[in-house]
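# Report on the structure
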Amino acid sequence: MCDTPFLREVPFLCRIDPRFRIVVATAYAIALAAIQNLPAACLGVVFAFALLLLARPNPGATCKRLAIINIFIVFLWITVPLTMGGDSIAALGPFHVSRAGIFLALLVALKCNAIAFVFIALVAPITISVLAHSLERLRFPAKLVFLLLFAYRYIYVIEEEWKRLYTAAKLRGFRPKTNVRTYGVLANMLGMVFVHSFERSARVYEAMQLRGFCGKFRSIALFQSRLRDFVFTGAAAAALGSIILLDIFPGKFHG
Amino acid sequence: MVEPPIIALEHIFFSYTEQTPLFADICFAFNRDDKIGFFGPNGKGKTTLFRLIVGLIKPEKGQVLFRGVPVHTENQWRELRCAVGFVLQNADDQLFCPTVLDDVAFGPLNLGLAPDEAKKRALETLKTLGLEGLENRLTHTLSGGEKKLVSLASVMSMRPDALLLDEPTNGLDPEAKARLVAILKNLPTARITISHDWDFLMEISHSFMTINNGKLIDVDSDFFMRPPHIY
Ligand SMILES: Nc1ncnc2c1ncn2[C@@H]1O[C@H](COP(=O)(O)OP(=O)(O)OP(=O)(O)O)[C@@H](O)[C@H]1O
Ligand SMILES: [Mg+2]
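### Examining the overall build of chain A
- Summing up its helical and strand segments, chain A has 8 helices and 2 strands in all.
- What you see in chain A, going N to C, is helices and strands ordered as α-α-α-β-β-α-α-α-α-α.
- Compactness check: chain A gives a C-alpha radius of gyration of 24 Å against a globular reference of 18 Å for 255 residues, more than 25% above the reference.
- When its C-alpha atoms are laid out on the principal axes, chain A stretches across 70 × 60 × 30 Å.
- For chain A, the residues scored as buried account for 39% of the 255 residues in total.
- The long-range share in chain A, meaning contacts at least 24 apart out of those at least 6 apart in sequence, stands at 77%.
- In the form shown here, chain A has an accessible surface area of approximately 14800 Å², with 71% of it arising from carbon and sulfur atoms.

Here it is in structure tokens:
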């Protein structure tokens, strides 16, 4: 359920200060989300793919993640061209395949994959603790950072608790079927997991107080921006700028 | 001048529910060099006593003194908690950071140490406990025994004046337990240790106490040699 296949050291890109990578990835995502033209979206995919090649993540895991994202996009391809309206380029029985619909589906597919490439290349290799501390240095609200850290730490504990309860039930002869009793038992177990989690949160807060916690988030992570971080960010900004220009003035580049 | 005890309890009364009073008029002093073994049947209030000492729960009557001064404000409690390290019964509650190093450095950072000092201190502490090499592990991937030792490290890294250990040997194999005994024997820090493991308790403690009828009772060590225990 909670494997982390992207956590491995990758050369070059991994040595860029994580704060810069997070900022670049976020800027890229926002800009690509706003893009309206196909040429700009294509350029976005090209740059994003280049980043992905530089980061060289585990190919198997990457393909799996991309496949999951693209399953949603397949649904868009099925529904949007048939329901969009406008001038049609083909007819499938009673449905008309609309030109605008095809355009939109293609645009969404390109943008989604470009954003996914960028995040897999830049953000996925960052370990959760470094990610949280970078966000904190980037002035992210402390509460959200805590939420991220604790979610990561305790999701495994909760998963384990669920498995333990389930095993305990199985050991006493419980076999899940599709009947009311099964749903009742499962609901009870889920309820217990919530109750335990709630109680645990109280105990964890106590444990933090016991070690002198007084509401302020501190971390041992030391971030140092070096020249290469600025060079990388500059290059990324130039790439992003060219995508945005291409989106605003698409005609100019056709000569 | 006589040094006041690190912790003193004065006429403490406490119960969770009205029907079952846990403590009635407890007085207790915990001094600098005390190494107390604390035993007693399940559910008699051993863990509860620790929680009272560090102010996680407050007594109905009576007061807690820290170095001779009654503790009232939350700031005073915080000071007390930084000086008296409490190692919880359940290590999963104690370790809440994603990595071991983050966790062991959490306390020192709260003491106001600079990040690189805190990191240094965390690494040192892990080394003394024979846990070097674990620092970059994700906490949730540790084994139960490793979690237990790391939670001890996370408290020891604050260099407390006193330790409250709640069943520290739970889930440790004989080898890890022997290592813990060796560490504790060399550790000058005052401590109270709760354990159901007699041999362990005998080895690391100089004096012993238990709870009976809501009172703390001192027990002398040859009590353990006489076969019919009180339980
Ligand atoms: N939060 C609570 N609310 C109500 N009752 C509680 C609470 N916590 C503990 N108790 C009860 O208080 C009594 C003392 O509990 P405590 O955890 O201090 O026992 P203990 O001596 O540490 O036992 P063990 O050896 O099992 O750890 C028990 O009977 C327990 O059921
Ligand atoms: Mg207990």
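Having seen the structure, we can now continue with the description.
### Some remarks on the sheet that holds strand 5 (residues 69-70) of chain B
Residues and elements named next belong to chain B.
- Overall, antiparallel pairing links the 4 strands, which are arranged 2-1-4-5 in an open sheet. Strands at the two margins of the open sheet, each flanked by one partner only, are strand 2 (20-30) and strand 5.
- Two strands pair when backbone bridges link them, and strand 4 (residues 61-66) and strand 5 are joined in this way by 2 bridges, in the antiparallel orientation. Its bridge partner being in strand 5, Leu65 is matched across the sheet by Pro70.
- Contacting strand 1 (7-17), strand 2 and strand 4, helix 1 (residues 46-53) crosses the sheet at an angle of about 125° to strand 1.

### Overview of the coordination of the magnesium ion (ligand 2)
Residues and elements named next belong to chain B.
- Around the magnesium ion (ligand 2), the protein supplies Thr47 (OG1) and Gln89 (OE1) as donor atoms, at distances of 1.9 to 2.7 Å. One end of the pair, Thr47, is in helix 1; the other, Gln89, is in the loop between strand 6 (84-87) and helix 3 (91-94), with 42 residues separating them in the sequence.
- Classification of Gln89 as partly exposed rests on a relative accessible area of 36%.

### Overview of the nonpolar core
- Core analysis: the biggest nonpolar cluster contains 89 residues, and B:Ile7 and B:Ile192 have the highest contact counts within it.
- Among the elements that take part in this core, helix 4 (residues 99-122) of chain A stands out by supplying 9 residues, more than any other.
- Residue assignment places this core across two domains, with domain 1 (4-126 + 224-254) and domain 2 (140-210) of chain A each supplying three or more.
- If we ignore the near neighbours within four places in the chain, the residues touching B:Ile192 are B:Phe28, B:Phe30, B:Ile36, B:Phe38, B:Phe50, B:Ile53, B:Leu163, B:Leu164, B:Leu165 and B:Met209.

### Some points on the domain arrangement of chain A
- According to the domain assignment, chain A consists of domain 1 (4-126 + 224-254) and domain 2 (140-210).
- A separation of 36 Å is found between the C-alpha centroids of domain 1 of chain A and domain 2 of chain A.

### Some points on the pattern of salt bridges
- A complete count under the given rule lists 18 salt bridges over all chains for this structure.
- With a closest N to O distance of 2.5 Å, A:Arg203 and B:Asp93 form a salt bridge. Taken together, the residues span two chains, with A:Arg203 in helix 7 (residues 180-210) and B:Asp93 in helix 3.
- We classify A:Arg203 as partly exposed; its relative accessible area is 31%.
- For B:Asp93, a relative accessible area of 3% corresponds to the buried category.
- Within this structure, A:Glu161, A:Arg164, A:Arg200, A:Arg203 and B:Asp93 form a network of salt bridges that share partners.

### Things to note about the site of ligand 1
Residue and element names in this part refer to chain B.
- In the vicinity of ligand 1, the contacting residues are Tyr16, Leu22, Asn42, Gly43, Lys44, Gly45, Lys46, Thr47, Thr48, Gln89, Glu167 and His196.
- Here Lys46 contributes a side-chain N or O atom positioned 2.7 Å from an oxygen atom of ligand 1.
- Contact between ligand 1 and Thr48: an oxygen atom at 2.4 Å from a side-chain N or O atom of the residue.
- Bound to the protein, ligand 1 loses 58% of the 640 Å² it would expose on its own.

### Section: the pairing of strand 7 (residues 162-166) of chain B
All names here are of chain B.
- Where burial is concerned, most of strand 7 is hidden: 5 out of the 5 residues are buried.
- Residue alternation in strand 7 divides its side chains into two sets, Ala162, Leu164 and Asp166 and Leu163 and Leu165, and both sets are buried.
- Pairing of strand 6 with strand 7 involves 4 bridges; the strand directions are parallel. Pairing of Phe86 across the sheet is with Leu164, part of strand 7.
- In this view, the connection linking strand 7 to its parallel neighbour strand 8 (residues 190-194) by way of helix 7 (residues 174-186) has right-handed handedness.

Rules of the game
- Residues numbered from 1 in each chain as written.
- Chains lettered and ligands numbered in written order.
- Predicted model: local features only at pLDDT ≥ 70, side-chain atom pairs only at ≥ 80, totals over all residues.
- Heavy atoms only, no water.
- Helix = DSSP H or I, 4+ residues; strand = E, 2+ residues; numbered from the N terminus.
- Rg over C-alpha atoms; globule rule 2.2 N^0.38 Å.
- Buried < 20%, exposed > 50% of the residue type's maximum accessible area, 1.4 Å probe, protein only.
- Contact = heavy atoms within 4.5 Å.
- Areas by Shrake-Rupley, 256 points an atom, 1.4 Å probe, with all protein chains shown as cover.
- Pairing = 2+ DSSP bridges.
- Axes fitted to C-alpha atoms, helices over the stretch in contact; angles between N-to-C directions.
- Donors = N, O, S within 2.8 Å, 3.2 Å for Na, K, Ca; no water.
- Core = buried A, V, L, I, M, F, W, Y, C linked by side-chain atoms within 4.5 Å.
- Domains from an automatic or database assignment.
- Salt bridge = Lys/Arg side-chain N within 4 Å of Asp/Glu carboxyl O.
- Near = heavy atom within 4 Å.
- Polar contact = N/O pair within 3.5 Å; in protein donor to acceptor, adjacent residues only side chain to side chain.
- Right-handed = clockwise from strand over helix to strand, strands pointing away.

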